[in-house]
Amino acid sequence: MNIHDFIRCKQRKQKISMITCYDYGFAKIINNTPIDMILVGDSVAMTVHGFPNTLSATVDMMVTHTEAVARGAPTKFIIGDLPFMSYRKGLNSGMQAIEKIMRAGASAIKLEGCEGNLKLIQHSVASGVPMMGHIGLMPQSVFSLGGYKVQGKDSASQKKLLEDALALEQAGCFAIVLECVTEEIAQNIAQELTIPVIGIGAGRYVDGQVLVLQDILGLNSEFKAKFVKTYLAGEQLVNEAINQFHQDVLTQVFPEPKHCFSL
Ligand code: KIV
């Protein structure tokens, strides 16, 4: 899949699936599934590194995880996230961050917000880098938003969301992520745009859906958002397996002769 395929998906009303991934092992598994795109999200700061929010993600962190995912999923379209502040200190340093993440194996770059980002998006697109926007709830702005809240609840912010979405499309983004907005607003934005709108907490009427891998697999029981669907009791299964191994060691059930080398 490439950016032209994603636009064709939208034209044909074929939904697009996107999943986050941060490491080689899971990337290998995802590479053998029909998932359309992988996002190496800055959510890695929370899911893998245990920080309380995404503000701790750095360009070096994104590069390391993008490299690992690219090694595991060589046939997938991989989007690398620009971390907090890496694209807000001028075109030059923004382009340097983009270059590092692209050289790490990304096929495209995602960044949060519209205002102040349009020049960087235009310059990146003109330089051959596919760009994905991200509006609605923007986790890098959690402190100015006053928490992880549904966005676009009043008419002024609804108007701004649509304006931003159109401006991102105009600047050359091949798709946008729309996070935590009401279904009606998301539907309207998806209808107005010719590029795919990938929703997370944006309801049913967008062009695709993205979820965090750990949420899908039930590996993060502390996080229970309304928009998450958990497909596996991952935490419980992993816990049971590790407990069983511990018991087997204590009771000498493991190792068995078949696990041992002999002369
Ligand atoms: O970093 C991330 O995981 C994201 C998704 C929530 C879209 O940006």
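Residues numbered from 1 in each chain as written. Predicted model: local features only at pLDDT ≥ 70, side-chain atom pairs only at ≥ 80, totals over all residues. Heavy atoms only, no water.

Draft legend 1. Local environment of the overall build of the chain. What the chain contains, in helices and strands, is 11 helices and 8 strands. For the chain, the C-alpha radius of gyration of 20 Å lies close to 18 Å, the compact-globule estimate for 263 residues. Its C-alpha atoms put the chain at 70 × 40 × 35 Å along the principal axes. For the chain, the proportion of its 263 residues judged to be buried stands at 48%. Considering only contacts within the chain whose residues lie at least 6 apart along the sequence, 58% involve residues at least 24 apart. Carbon and sulfur atoms provide 56% of the accessible area of the chain, an area that totals close to 13,800 Å². Between the averaged position of the 23 positive side-chain charges in the chain and that of its 25 negative side-chain charges there is a distance of 4 Å. (Helix = DSSP H or I, 4+ residues; strand = E, 2+ residues; numbered from the N terminus. Rg over C-alpha atoms; globule rule 2.2 N^0.38 Å. Buried < 20%, exposed > 50% of the residue type's maximum accessible area, 1.4 Å probe, protein only. Contact = heavy atoms within 4.5 Å. Areas by Shrake-Rupley, 256 points an atom, 1.4 Å probe, with all protein chains shown as cover. Lys, Arg positive; Asp, Glu negative; His and termini not counted. Charge placed at Lys NZ, Arg CZ, Asp CG, Glu CD.)

Draft legend 2. Structural detail: the site of the ligand. Within the structure, the ligand sits among Thr20, Leu39, Gly41, Asp42, Ser43, Asp81, Lys110, His134, Val177, Glu179, Ile200 and Val212. Here an oxygen atom of the ligand and a side-chain polar atom of Asp42 are 2.9 Å apart. Between the ligand and Ser43 there is a distance of 2.5 Å, counted from an oxygen atom to a side-chain nitrogen or oxygen. Considering the ligand on its own, with 260 Å² of exposed area, one finds that the protein chains cover 96% of that surface. Grouping the constituent residues of the shell around the ligand by class yields 4 nonpolar, 4 polar and 4 charged. (Near = heavy atom within 4 Å. Polar contact = N/O pair within 3.5 Å; in protein donor to acceptor, adjacent residues only side chain to side chain. Nonpolar A, V, L, I, M, F, W, Y, C, P; charged D, E, K, R; others polar.)

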